[in-house]
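# Summary of the model geometry
Given next are the chains, with one letter for each unit.
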Amino acid sequence: MGKQWERIGNEALNQLNERLEEYRATCYAPVMHAVAALPKHDLAVMAEATVSLTSFKRRFSLDMGDGRRSHRRSRHLQRRRVRLGQT
């Protein structure tokens, strides 16, 4: 019985490796080749955009843990409405 489970595990691992290689070849590699061909200035612009997008995402995403982030965001919006006279 142990050999059978080992065989099943090896087959599953081989399938996973094949799919990972397929993903790398079709999705990951073309992007990496395009980025590698960019001039330094464009790489800097891309890095800045990535940081800004990540910051934006974090600011507006809900915290799956205790909800503090979303609560903090709602308090911020509430204070902003009060300042703008939109109570």
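Here the residue numbering is sequential within each chain, running from 1 through the sequence in written order. Owing to the predicted nature of the model, reporting of local features is limited to residues with pLDDT of at least 70; listing and counting of side-chain atom pairs is limited to 80 or more, with chain, interface and lining totals taken over all residues. Excluding hydrogens and water, the side-chain figures rest on all heavy atoms present in the structure.

### Re the overall build of the chain
Under the convention used in this document: The helix and strand labels rest on DSSP assignments: H or I over at least four residues marks a helix, E over at least two residues marks a strand, and numbering proceeds from the N terminus. The buried label goes to any residue with under 20% of its type's maximum accessible area, the exposed label to any with over 50%, and the partly exposed label to all in between, with areas taken from a 1.4 Å probe on protein chains only. Methods summary: accessible areas were calculated by the Shrake-Rupley approach with a probe of 1.4 Å, and residue burial reflects only the protein chains presented.
When helices and strands are tallied, the chain shows three helices and zero strands. In the chain, the succession of α and β elements from N to C terminus is α-α-α. For the chain, buried positions account for 2% of its 87 residues. Total accessible area computed for the chain in this model is approximately 8200 Å², and 58% of it derives from carbon and sulfur atoms.

### Brief notes about the pattern of salt bridges
Quick note on the threshold: Whenever Lys or Arg places a side-chain nitrogen within 4 Å of a carboxyl oxygen from Asp or Glu, that contact is recorded as a salt bridge.
In the structure shown here, the tally under the stated rule is two salt bridges. Two residues, R7 and E11, come together in a salt bridge whose shortest N-O distance is 2.8 Å. With R7 and E11 both in helix α1 (residues 2–36), this residue pair falls four residues apart, about one helical turn. Judged by relative accessible area, R7 falls into the partly exposed class, the value being 44%. Here E21 and R24 are joined by a salt bridge, their closest N and O atoms 2.7 Å apart. Pair noted here: E21 and R24 are both in helix α1, with a separation of three residues, about one helical turn. Its relative accessible area of 46% is what places E21 among the partly exposed residues.

### Side note on a nonpolar patch on the surface
Convention followed: Each patch groups residues whose relative accessible area exceeds 30% and which form no salt bridge, using 9 Å between like charges and 5 Å between nonpolar side chains of Val, Leu, Ile, Met, Phe, Trp and Tyr.
A surface patch of nonpolar side chains, about 410 Å² in accessible area, is lined by L20, Y23, Y28 and M32. Position of M32 among the secondary structure elements: in helix α1.

### Examining the confidence of the model for the chain
For the record, the criterion: How sure the predictor is of each residue is captured by pLDDT, a score from 0 to 100.
Taken as a whole, the chain shows an average pLDDT of 82; of its residues, 71% reach a score of 70 or greater. Helix α3 (residues 68–83) is the least confidently modelled element of the chain, averaging 62 in pLDDT, while α1 averages 94, the highest of any element.

### A look at the environment of T26
Put simply, the rule is: Any pair of nitrogen or oxygen atoms within 3.5 Å is treated as a polar contact; in protein, a donor-acceptor pairing is required on top of that, and neighbouring residues in sequence qualify only through side-chain atoms on both sides.
Structurally, the position occupied by T26 is in helix α1. Residue T26 is classed as exposed on the basis of its relative accessible area, which comes to 53%. A distance of 2.9 Å separates the side chain of T26 from the backbone oxygen of E22, its partner in a polar contact.

### With respect to the environment of P30
Spelled out, the test is: Any two residues whose heavy atoms approach within 4.5 Å at even a single point are treated as in contact.
Relative to the assigned elements, P30 resides in helix α1. Overall, the relative accessible area of 40% leaves P30 in the partly exposed class. Those residues in contact with P30 that sit more than four places away from it in its chain are R24 and A25.

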